[in-house]
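Inside the fold
Each chain, written out:
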Amino acid sequence: LGKPVELATKYFTWGADEVTFLNITGFRDFPLGDLPMLEVLKQTSEKVFVPLTVGGGIREFTDSEGKFYSSLDVASEYFQSGADKISIGSEAVHAAEDYFGGGKQLSGSTSIEQISEKYGKQAVVISIDPRRVYVKDPADCAPLKAVKTEILGPGGE
């Protein structure tokens, strides 16, 4: 909407209990280089006195100069800029895949584990964006369970 600091301030004065910024497209190539979101957090934290959550790009990556950044490095930038919590989406999916693929053992190396170890569990929010997938044969989605719908999928599934 163009004015995130002003909007967050308005929501706070209207009684919002928490404000969440989801920067889902701004961090595709270089998360720590997204200075506008870091500045938005800094300015908002000076005016809004409820928990601020931010998500988008909280993952490990290597920049164009070959420097490696862990997801903890990225989250730390958010926290230092005023965030109280971070929201993890895609990385949570990868962590779940690793967990189930690795015999249901925690590795200690996921973004969730690293960030919650340093900043506390209360500082890590998992964002789940479920989607509907249509299958012709319910056996195709094992071990998940299929749910029969009255309306067929776009391909007649």
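Going by the structure above, here's the rest.
This report concerns the structure included in the present document. (Residues numbered from 1 in each chain as written. Predicted model: local features only at pLDDT ≥ 70, side-chain atom pairs only at ≥ 80, totals over all residues. Heavy atoms only, no water.)

1. Thoughts on the pairing of strand β1 (residues 19-22)
Where a strand is regular, its side chains alternate between the two sheet faces. Burial along β1 is one-sided: Val19 and Phe21 are buried, and none of Thr20 and Leu22, which face the opposite way, are. Here β1 runs beside strand β2 (residues 52-55); their pairing, made up of 4 bridges, is parallel. Residue Val19 lies in a different strand from β2, and its bridge partner there is Leu52. (Buried < 20%, exposed > 50% of the residue type's maximum accessible area, 1.4 Å probe, protein only. Helix = DSSP H or I, 4+ residues; strand = E, 2+ residues; numbered from the N terminus. Pairing = 2+ DSSP bridges.)

2. Description of the pairing of β2
Going residue by residue along β2, you find Leu52 and Val54 tucked away on one face and Thr53 and Gly55 tucked away on the opposite face as well. Pairing of β2 with strand β5 (residues 85-88), which is carried by 3 bridges, proceeds in the parallel orientation. In the strand pairing of β5, Thr53 is matched with Lys85.

3. Concerning the packing of helix α3 (residues 71-80) against helix α5 (residues 111-119)
Close contact between α3 and α5 brings their axes to 9 Å; oriented N to C, the two are set at 45°. By the angle class used here, α3 and α5 are oblique. Helix-helix and strand crossings are classified by hand; for α3 and α5 the assignment is right-handed. Contacts from Ser71, Leu72, Ala75, Ser76 and Phe79 of α3 reach α5 at Ser111, Gln114, Ile115, Lys118 and Tyr119. Among the residues making up the contact of α3 with α5, the classes are represented as 5 nonpolar, 4 polar and 1 charged. (Axes fitted to C-alpha atoms, helices over the stretch in contact; angles between N-to-C directions. Parallel < 35°, antiparallel > 145°, perpendicular 65-115°, else oblique. Left-handed = near helix turned anticlockwise from the far one by under 90°. Contact = heavy atoms within 4.5 Å. Nonpolar A, V, L, I, M, F, W, Y, C, P; charged D, E, K, R; others polar.)

4. Considerations on the sheet that holds β2
Within the open sheet, the 4 strands sit side by side as β1-β2-β5-β6. Their pairing is parallel. Here the strands that pair on one side only, and so sit at the sheet edges, are β1 and β6 (124-126). Neighbour to neighbour, the strand axes of the sheet diverge by 25° on average, direction disregarded.

5. Details of α3
Ser71, Val74, Ala75, Ser76, Tyr78 and Phe79 are the residues of α3 that are buried. Gly82 sits one or two residues past α3 and shows a positive phi near 120°.

6. A closer look at the nonpolar core
One broad trend across soluble globular proteins is that nonpolar side chains are buried collectively. Counting 26 residues, the largest nonpolar core has Phe21, Val54, Ile58, Tyr78, Ile86 and Ile115 as the members making the most contacts within it. Looking at this core, the elements that each hand over two or more residues are α1 (4-14), β1, α2 (35-45), β2, α3 and β5. Sequence-distant contacts of Val54, that is, excluding residues within four places in its chain, are made with Phe21, Met37, Leu41, Tyr78, Ala83, Lys85, Ile86 and Ser87. (Core = buried A, V, L, I, M, F, W, Y, C linked by side-chain atoms within 4.5 Å.)

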